[in-house]
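# Structural overview for review
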Amino acid sequence: MKVLICGAGIAGLTLAWHLERAGWEVELVEKAAAFRDGGYMIDFYGPGYQVAERMGLRPRLQRDRYPVDELSYVDRDGRQTSHLKLTSGLEDVVSLLRGDLARAIADDVRSPVTYGATVEAADQHAGGVSVRLTDGTTREVDLLVGADGTRSRVRELAFGEVTPRYLGHRVSAYVMTDAELSHRVGTRYQMLTEPGLMAGAYALRDDRLALLFLRREPDPVLSDDPAGELRRHFGGRGWILPEALARCPRPPELYHDLVTQVELERWHRGRIALLGDACQAVSLFAGHGASMAMAAAWILADELTTPGELTTSGDLTAPGHLTAPGELTDALARYQYRMTPVITEVQRFGRRFIQWMAPSSRWRIHARDLLFRLAALPGGNRLFVNSLSPGGHNLITSRSNVLEKS
Ligand SMILES: Cc1cc2nc3c(=O)[nH]c(=O)nc-3n(C[C@H](O)[C@H](O)[C@H](O)COP(=O)(O)OP(=O)(O)OC[C@H]3O[C@@H](n4cnc5c(N)ncnc54)[C@H](O)[C@@H]3O)c2cc1C
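Residues numbered from 1 in each chain as written. Predicted model: local features only at pLDDT ≥ 70, side-chain atom pairs only at ≥ 80, totals over all residues. Heavy atoms only, no water.

## Structural notes on the pairing of strand E8 (residues 119-125)
Bridge count for E8 against strand E9 (residues 128-133) is six bridges, and the pairing is antiparallel. Residue pairing across strands places His125 opposite Gly128, the latter belonging to E9. In textbook terms, the turn of a hairpin is the stretch between consecutive antiparallel strands, and for E8 and E9 this stretch comprises two residues. (Pairing = 2+ DSSP bridges. Helix = DSSP H or I, 4+ residues; strand = E, 2+ residues; numbered from the N terminus.)

## Here's the deal with the packing of helix H1 (residues 10-21) against helix H10 (residues 289-304)
Closest axis-to-axis distance for the H1/H10 pair is 8 Å, and the angle between their directions is 30°. Between H1 and H10, the angle falls in the class roughly parallel. In this structure, the crossing between H1 and H10 has a hand that is right-handed. In contact with Ile10, Ala11, Thr14, Leu15, His18 and Leu19 of H1, H10 contributes Ala290, Ala293, Met294, Ala297, Trp298, Leu300, Ala301 and Leu304. Split by residue class, the contact of H1 with H10 holds twelve nonpolar, two polar and no charged. (Axes fitted to C-alpha atoms, helices over the stretch in contact; angles between N-to-C directions. Parallel < 35°, antiparallel > 145°, perpendicular 65-115°, else oblique. Left-handed = near helix turned anticlockwise from the far one by under 90°. Contact = heavy atoms within 4.5 Å. Nonpolar A, V, L, I, M, F, W, Y, C, P; charged D, E, K, R; others polar.)

## Remarks on the pattern of salt bridges
Here the structure, examined in full by the defined rule, presents 28 salt bridges. Where Glu53 meets Arg58, a salt bridge forms, and the shortest distance between an N and an O atom there is 2.5 Å. Accessibility expressed as a relative area gives 31% for Arg58, which makes it partly exposed. With its nearest N and O atoms 3.2 Å apart, the salt bridge here joins Glu120 to Arg132. One end of the pair, Glu120, is in strand E8; the other, Arg132, is in strand E9, with twelve residues separating them in the sequence. Within this structure, Arg60, Arg63, Asp64 and Asp107 form a network of salt bridges that share partners. (Salt bridge = Lys/Arg side-chain N within 4 Å of Asp/Glu carboxyl O. Buried < 20%, exposed > 50% of the residue type's maximum accessible area, 1.4 Å probe, protein only.)

## Remarks on the environment of Val262
The topology assignment puts Val262 in the loop between strand E16 (255-261) and strand E17 (268-269). According to the relative accessible area criterion, Val262 is buried, its value standing at 2%. As a C-alpha pair, Val262 and Arg165 span 97 residues in sequence and 6.2 Å in three-dimensional space. Filtering out sequence-adjacent residues up to four positions away, Val262 remains in contact with Thr150, Arg155, Pro164, Asp277, Ala278, Cys279, Gln280, Ala281 and Gln347.

## With respect to the sheet that holds strand E10 (residues 138-141)
As summarised here, the arrangement of the three strands in space is E8-E9-E10, forming an open sheet in which the pairing is antiparallel. A single partner strand is all that each edge strand has here, and the edge strands are E8 and E10. With strand direction ignored, the average angle separating the axes of adjacent strands in the sheet is 15°.

## Some words on the packing of H1 against helix H4 (residues 98-106)
The geometry of H1 relative to H4 is characterised by a closest axis approach of 9 Å and an angle of 15° between their N-to-C directions. Classified by the interaxial angle, the pair formed by H1 and H4 is roughly parallel. In terms of crossing hand, the pair formed by H1 and H4 is left-handed. Between H1 and H4, the contacting residues are Ile10, Leu13, Thr14 and Trp17 on the first element and Arg98, Leu101, Ala102, Ile105 and Ala106 on the second. Grouping the amino acids of the contact of H1 with H4 by side-chain chemistry returns seven nonpolar, one polar and one charged.

Structure (structure tokens):
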């Protein structure tokens, strides 16, 4: 079986990892000119972490993780206004750069990746899909997977224009090198919040600093000068912001986007399937997108391969079966059936969480500070983390359970 995966991000690489081990012929096509490093800090846990463990990635993730000892809110003078110590019981919550997670998966993927191109056209016929890429080359495949993020090109080809649900905020992030600022922030996640604005910073290895900015904005149109926009809204807010923003890079080093969720009735059409943010984006407010992307990739691979083929890391097994179009359609339907309930739950959680992560008023900022103080009480730490794990606890289970239900 041949598959072309559009998008070599968290979801696309995880699917490639599993399908190549099940004997599929896999190829990826990625719009970026080269592998996308860095990005932004993510907290990685839950079902995606379970998948990573099955892939044998635990030692690598434990090596690449950053210790986050504390969440700390500061005012414009850099004085702490509230904080939460993160001391124990968080071994399976890994904080790392999105690029480091993607790199950990990519290092173990053997399939070829064509960089600097995307899918231009896809024509489905009885025997498969004919795909034309923007570099002028063509592919004949059994399955085309769109793992190309919230603005998915493959989704557009299969379903036409889909407008993701805008959550009323813009997000920007970048990584910079500055020994003094990095030292000042240290191994605690520091944040400054003012009504409708949030800026966060965390020190990385090698004198680097990861910065994140959130801004409430009803207008869902992106600026063509995102660095200038950041300086205008955050540059006068004190703390480390004037120094950090003075060296704000331009895209692609500066990540800048609308915060959105993708809700689709169908995640597949014929021999085209969508995966990850392309069909199930939960947004950074849910704090679960990478985890859900990996879980979905595992489930899709589980449904596409013969039972028992897909288990853990290791060598190639016998080639995956599945030739009849009907079987493929059933497999894609089961994949969506398994994922949809948890995605709906996580998306709801994300929308509720907006007011805690980016409070819109002083009153809400005070309420958030109070919650932090309560979480500092004995046992509060664990309760707090559980409250950040909205769902999917039993997602990574064997297929047979699902077949009985469907
Ligand atoms: C600021 C921020 C913080 C976040 N925090 C967390 C967190 O704490 N925990 C968590 O689990 N998740 C978090 N997320 C969400 C998480 O990063 C995403 O949900 C996850 O990366 C989705 O994986 P994906 O493979 O679907 O998309 P991506 O990882 O974005 O990969 C998509 C890939 O497709 C490529 N691509 C795009 N368009 C095309 C095209 N037309 N053709 C070919 N390739 C294309 C892109 O270059 C990219 O490589 C956060 C997101 C943001 C923005």
